Structure formats: structure tokens, C-alpha cells
Amino acid sequence: MAVDLNGISVFLAVAEARSFRVAAENLGVTRPAVSQTIRRLEDRLGVALVQRTTRSVSLTEAGQRLYQRVAPAISEVGLALDATADRDSAPSGLLRLAVSSIAEQFISGPLLARFADTFPAVLVDVTVTDEEFDIVAEGYDAGVRLGEVIDQDMIAIPVSGEQRQGAFAAPSYIERFGKPEHPSELSAHRCIGWRPAPHSAPYRWEFGQHGFEFDVAVDPQITTNDMWLMIRTACAGGGITFGMEDTFKPYVESGQLVPLLQEYCPPFAGFFLYYPSRRNLAPKLRALVDHVKRWR
């Protein structure tokens, strides 16, 4: 038999108040509504639960047995719900994030440190990965990636401003081999490429000019999934490499690298924190979303 929780709730209110009128006031409904609910419950069970006179309301033997067995159970349910609400009212628990390697710098450092300081009960687990997968299916609460690769059904909020990619090489490399004047000339240069996973093809370097976007499939002499290996090798004069301008900025400022082909590297939307739905966000995720918005 399916459980009529509404009927049980009304029955308990009547049993405890010993009054249809008081029960109705406590429940915020009309007295006839209480009477009809009790009658439907009795009809369903096939037994009288309440004895009604013009002066009093009392429980039948069957009603008394039902009350004695149901009241503690409903009380336990209420305590469980209260405990859940209390637990979830403050951000806590494990928050799992999947962050692409080129986005890691925008979520780590001060942003993440301040979040951890503000919400000490939230345990943050960050996986830095360039593999493409469904964050929901894999059990992640949210992810951080470039906006252009985030599915349209996701909610996304920015964690960075506009970004640019660029080509970079060391002065020693330029002195030996010269600068390419157009992306099409990259095929004649030593290149240091990136791939997201061992069995994936090297990333095609993307450029743009006059609103037209195009990419170049360079044939890297060195390919890796480690951005820092790319940077160190480029700084040593090992070839031209390609990546996010912000990543290479410290090495450009120190003179270790020189930006190339800048006129072919237009800005684009940057990195976003994304998650599947606005509805019923867990407090831990809501706290992170609000923190990122304040940070930005």
C-alpha cells in the first residue's frame, strides 16, 4: 500500500491536538479539509481512526495503535530533515573540480587560497586534466575551461578576462633561424607542440586576420602534454612554441622569449567556471560561484 504522507500528517495533528479546529489552525488549512483528509485515510485503511462528538475528539483503538507506531517514525524523519538542512545550510563537504591545464592559473593561487580560508569546512579536490569528458557523469561538481569548448547546456561564469594565444621563441632561436612573417611559414621552422593526451594528435595552432579564423597543422619536432616542458625548451632555443599569452608573459618580460605573429593572434573569450544547473545548487558549489563572481 502506498504511503499517504499527507493523510498521516493530518492524522497526527488531530491526534495530538484532540481537535479538528486546532489541528486545522496548526496546519494552516480549513477545518473541512482536515475532516475530509481523515475520512479519506479511514476509507483507505478500512477502519475508523477518530471518534468525533460535538464536544470532543478521541482516537479509536486502531487510531491509538497507528499513532503509537507512526508518531516516533515521523519524528525521526523530521529530525533527519532538520539535520540535513542544518548540515547543508553552511558550505561543507567535498567539492570536486576538473580544470584544464591552461586554466589552472586562474583558479589556483590567491583565488583558491581565499576560498579555502573563507570556507574551511569545504574540501576542494582539483584535477588538472585536458581530457574531454562529462563532468556530471564523472562525479565533478564543476569545471574550468575555455568558454568556446563548454557545452551550451552548462551554466558558465568568467574566471578571466579576454585571452590571446601566441607564438613564442627565444632570441637565440630567432638569431639562428629568423622570424616567420606569416603562420603559413611555420612549417619551415622547428616547432614545439602540445597534445592533450598520449594518443591524440598535436594541437593545431589557431590564428585570425580581419575576422577570419584559420589554423595551422604544424609538424612539431617536439610534442608534449606538459606546458612547462614546452616553455623550458623554447627558452633554451629549441624552437617556436604556442600557447596562452598570459602563460608566456613572465618569460617575455624577462627577455627569455619573444612574441611572434602577434597581428594574427586576436583576442577571444577567456576561461569560465561551468556547472550543470542553477537549480538547487549545493551550498559548497554556490559558495564557490559567489566567490568567483566577487573575485572577478
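Quick note: structure is the one above.
What you are looking at is a predicted structure, and each value in this text was computed from that prediction instead of being measured.

Novice: Explain the layout of surface pockets to me, please; I cannot follow it from the model alone.
Specialist: With a probe scaled to a water molecule rolled over the atoms, the places where space remains empty come into view. Reported here for the largest pocket is a volume of approximately 690 Å³. Along the wall of the largest pocket there are 29 residues; nearest its centre are L146, E148, Q165, Y203 and E206. Here the lining of the largest pocket is built from residues that sort into 16 nonpolar, five polar and eight charged. Among the domains, domain 2 (85-158 + 270-295) and domain 3 (163-268) are the pair contributing at least three residues each to the lining of the largest pocket.

Novice: What's the story with the sheet that holds strand β7 (residues 165-169) in this structure? I'm lost.
Specialist: In any sheet, the strands associate via hydrogen bonds between backbone groups, in a parallel or an antiparallel arrangement. In spatial order, the strands read β11-β8-β12-β7-β13; together these five strands make up an open sheet with mixed pairing. Each edge of the sheet is formed by a strand with only one pairing partner; in this case those strands are β11 (222-224) and β13 (258-260). Each strand of the sheet is rotated relative to its neighbour by a mean of 35°, with strand direction disregarded. When strand β8 (residues 191-194) meets β11, the two strands line up parallel, connected through three bridges. In the strand pairing of β11, G193 is matched with T223. Packing against the sheet, helix α8 (residues 227-235) makes contact with β8, β11 and β12 (240-244), and its axis sits at approximately 175° to β8. Contacting β7, β12 and β13, helix α9 (residues 245-253) runs over the sheet at an angle of about 125° to β12.

Novice: Help me understand the pairing of strand β5 (residues 142-146), please; the structure alone is not making it clear to me.
Specialist: Among the five residues of β5, five are classified as buried, and the element is accordingly described as predominantly covered. Alignment of strand β3 (residues 93-99) against β5, held across three bridges, turns out to be parallel. Residue pairing across strands places L97 opposite A142, the latter belonging to β5. Of the pairings in the sheet, the one linking β5 to strand β14 (residues 271-275) comprises four bridges and is antiparallel in character. Its bridge partner lying in β14, V144 is registered against L273.

What counts and what doesn't
Residues numbered from 1 in each chain as written. Predicted model: local features only at pLDDT ≥ 70, side-chain atom pairs only at ≥ 80, totals over all residues. Heavy atoms only, no water. 1 Å grid on protein atoms, 1.4 Å probe; cavity = no way out; pocket = protein on both sides within 12 Å on 5 of 7 lines; lining within 4 Å. Points joined across faces, edges and corners; volume = space filled by probe spheres on them. Nonpolar A, V, L, I, M, F, W, Y, C, P; charged D, E, K, R; others polar. Domains from an automatic or database assignment. Pairing = 2+ DSSP bridges. Helix = DSSP H or I, 4+ residues; strand = E, 2+ residues; numbered from the N terminus. Axes fitted to C-alpha atoms, helices over the stretch in contact; angles between N-to-C directions. Contact = heavy atoms within 4.5 Å. Buried < 20%, exposed > 50% of the residue type's maximum accessible area, 1.4 Å probe, protein only.

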